[in-house]
Amino acid sequence: MNSVKAESRIANAMRIMEYNIGEDISISDIADRLNVSTHHFHRDFLSRVGETPASYLRRIRLDTAAQNLRWTEISVGAIAYTLGYQSQASFTRAFTARFGETPNSYRRRFGRASRPDPKQGASAGVSIREVERFHLLARRYVGPLDRVRVNWEDFMDKVPAALMRPGKTLYVGRLHDDPLITPPSQTRYDCAITISDEFPGLDDEAARQGLYSTHTYAGRYACLAFGGPSTQVEAGYRDVIEASFGRGQLAGEHPAMEIHSIPRSHQEPEDLSFDILLPVY
């Protein structure tokens, strides 16, 4: 298996697990879908991701649980059920092993009830609106968010020139993890561009470049037009979250998005401009 194909298959495996996060899916099932042996898949995933497929699936389930406990009012039992645990007791054991405390204790410390009222002005500029579905060509990156600009540079070097539509293409970042929960080295971020559904030969071209096609969630988002230095991006996300809480909204299970008219790699780090979109119920 060459390096590009291996990278593409690992990205596909990660998406399969993410899309089926609450399902009873086995590692051998995933290997079969990727047309590789379970042994080969396990070895390749470990060498490229730094954890086994089973460990990765278990971790993203628990990190998703922590996000729900921190940012929503979904019951512990419902969180356990939607993430595929056979019982609340088994979920509690797994959660405690990862975070050092029970789900209920974690929620008391970090959940909505533990947070002060939204700071004055946090909701300024934040709106709740329906956002259409985008068809994307994307590439998965895993690592610290201070490498986002470097990731965008790498991604733009791999995008086929035929997909560039001046004035029409949007550049989309997708953040899957909360930096308050997931370690920097394991944070998932996708660089992507919008593409036409009718583009011919997309799958073959994407495979050659180690890219993949996907769609965003169509629905309600809390939105903020961010402008400022890269050091303030996290604060922008927090403002969107606080404003959402202030309006009684709950964060959804889909990735947060950043919508750029100019890719991050082509913007000055001290003068970024893009929209932050957080899915809400």
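In case you missed it, the structure is sitting above this.
Each value, and the rule that gives it
- Residues numbered from 1 in each chain as written.
- Predicted model: local features only at pLDDT ≥ 70, side-chain atom pairs only at ≥ 80, totals over all residues.
- Heavy atoms only, no water.
- Helix = DSSP H or I, 4+ residues; strand = E, 2+ residues; numbered from the N terminus.
- Buried < 20%, exposed > 50% of the residue type's maximum accessible area, 1.4 Å probe, protein only.
- Contact = heavy atoms within 4.5 Å.
- Lys, Arg positive; Asp, Glu negative; His and termini not counted.
- Salt bridge = Lys/Arg side-chain N within 4 Å of Asp/Glu carboxyl O.
- Polar contact = N/O pair within 3.5 Å; in protein donor to acceptor, adjacent residues only side chain to side chain.
- Pairing = 2+ DSSP bridges.
- Axes fitted to C-alpha atoms, helices over the stretch in contact; angles between N-to-C directions.

Engineer: In this structure, what is going on with the side chain of Asp-178? I would like to understand it.
Structural biologist: Within the fold, Asp-178 resides in the loop between strand E3 (171-175) and strand E4 (188-194). The class of Asp-178 is buried, set by a relative accessible area of 6%. The contact partners of Asp-178, leaving out residues within four places of it in the chain, are Gln-67, Arg-70, Trp-71 and Arg-238.

Engineer: What should I look at first to understand the side chain of Arg-61 in this one?
Structural biologist: In this fold, Arg-61 is placed in helix H4 (residues 53-71). Despite its burial, Arg-61 pairs with no opposite charge; the closest candidate is Asp-24, at 6.2 Å N-O. Only 3.4 Å separates the side chain of Arg-61 from the backbone oxygen of Leu-83, close enough to count as a polar contact. In this structure, Arg-61 is in contact with Asn-20, Ile-21, Glu-23, Leu-83 and Tyr-85, ignoring residues within four places of it in sequence.

Engineer: Whenever I open this one, the pattern of salt bridges confuses me. Can you help?
Structural biologist: Where charged atoms of side chains with opposite charge meet at close range, the side chains can pair. Taken as a whole and judged by the stated rule, the model has 15 salt bridges. Here Glu-51 and Arg-59 are joined by a salt bridge, their closest N and O atoms 2.9 Å apart. Each member of the pair, Glu-51 together with Arg-59, is buried.

Engineer: Help me out: how do you make sense of the sheet that holds strand E6 (residues 219-228) in this one?
Structural biologist: The pairing of strands in a sheet happens through backbone hydrogen bonds and is either parallel or antiparallel. Strands sit in the order E1-E6-E8-E7-E3-E4-E2-E5 across an open sheet of 8 strands; the sheet is antiparallel. Every interior strand has two partners, whereas the edge strands, strand E1 (127-131) and strand E5 (212-215), have only one. Across this sheet, the average inter-strand angle for adjacent strands is 35 degrees, counted without regard to direction. Across 5 bridges, E3 lies against E4 in antiparallel orientation. Bridge assignment links Arg-174 to a residue of E4, and that residue is Asp-190.

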